[in-house]
Amino acid sequence: MKEKKGSKFLILFFLQVIVIVYTMSGVAAKFASQHAFLSPGFILCYGAEIVILGIYAILWQQIIKRVDLSVAYANRSVALLWSMLWAGLFFSEHVTIKNILGVVVVLIGTMIVNKED
């Protein structure tokens, strides 16, 4: 990472906040899909998705100034965890053991990438 050790936790925390913002665009898209095409509900949810993606793009640009691109993208894989959480919380979707095990493997990989040499 390009930042000092003392700020690494803060940078990784901010990176996860950005990933959460990114996954919320998927939530908005799923809500949009539950409305008739071009209905007011669809337009509202789709507009929210576009706004969220715009915010994400600006934040992502700022974070990749501060961390190696390989580290940033490895951390973005944690979106699987957040997406699975949102699927259960917002849409009552079933989360299987295979889903959980897959996310655990991804989290272990992300922790390895984030570990200091």
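All values reported here derive from a predicted model rather than from experimental measurement.

What counts and how
- Residues numbered from 1 in each chain as written.
- Predicted model: local features only at pLDDT ≥ 70, side-chain atom pairs only at ≥ 80, totals over all residues.
- Heavy atoms only, no water.
- Helix = DSSP H or I, 4+ residues; strand = E, 2+ residues; numbered from the N terminus.
- Polar contact = N/O pair within 3.5 Å; in protein donor to acceptor, adjacent residues only side chain to side chain.
- Expected span 1.5 Å × (residues − 1).
- Buried < 20%, exposed > 50% of the residue type's maximum accessible area, 1.4 Å probe, protein only.
- Arc of directions from axis to C-beta.
- Contact = heavy atoms within 4.5 Å.
- Core = buried A, V, L, I, M, F, W, Y, C linked by side-chain atoms within 4.5 Å.
- Patch = residues over 30% accessible without salt bridge, like charges linked within 9 Å, V, L, I, M, F, W, Y side chains within 5 Å.
- Areas by Shrake-Rupley, 256 points an atom, 1.4 Å probe, with all protein chains shown as cover.
- Salt bridge = Lys/Arg side-chain N within 4 Å of Asp/Glu carboxyl O.

Enquirer: Provide a residue-level description of the side chain of Ser-39, including the pertinent values.
Expert: One can find Ser-39 in the loop between helix 1 (8–33) and helix 2 (40–64). For Ser-39, the side chain forms a polar contact with the main-chain oxygen of Ala-36, separated by 2.7 Å.

Enquirer: Lay out helix 4 (residues 79–91) with the relevant residues and their values.
Expert: The end-to-end C-alpha separation of helix 4 is 17 Å, in line with the 18 Å expected for 13 residues at 1.5 Å each. The set of residues buried in helix 4 consists of Ala-79, Met-84, Trp-86, Ala-87 and Phe-91. Viewed along the axis of helix 4, the buried residues span an arc of 160 degrees, placing them on a single side of the element. Those residues of helix 4 hidden inside the fold are in contact with helix 1, helix 3 (69–76) and helix 5 (97–114). Note on helix 4: the residue one or two positions beyond its end, Ser-92, has a positive phi of about 50 degrees.

Enquirer: Break down the nonpolar core for me, with residues and values.
Expert: Grouped together as the largest cluster of nonpolar side chains are 12 residues: Ile-11, Leu-12, Leu-15, Ile-18, Val-21, Ala-28, Ile-52, Tyr-56, Trp-60, Ile-63, Val-67 and Ala-72. When residues of this core are traced back to their parent elements, those giving at least two are helix 1 and helix 2. By residue number, the principal contributor to this core is helix 1, which donates six residues. In this view, Ile-63 contacts Ile-11, Phe-14, Leu-15 and Ile-18; residues no more than four positions away in its chain are not counted.

Enquirer: If you had to explain the environment of Met-111 to someone new, which residues and values would you point to?
Expert: As for its placement among the helices and strands, Met-111 is situated in helix 5. Sequence spacing of Met-111 and Ala-74 is 37 residues, and the spatial spacing of their C-alpha atoms is 9.2 Å.

Enquirer: Can you break down a nonpolar patch on the surface residue by residue, with the values?
Expert: Judged by side-chain polarity, Val-95, Ile-97, Ile-100, Leu-101, Val-104, Ile-108 and Ile-112 come together as a nonpolar surface patch covering roughly 630 Å² of accessible area. Following the sequence through the fold, Ile-108 ends up in helix 5. By relative accessible area, which is 46% here, Ile-108 ends up partly exposed.

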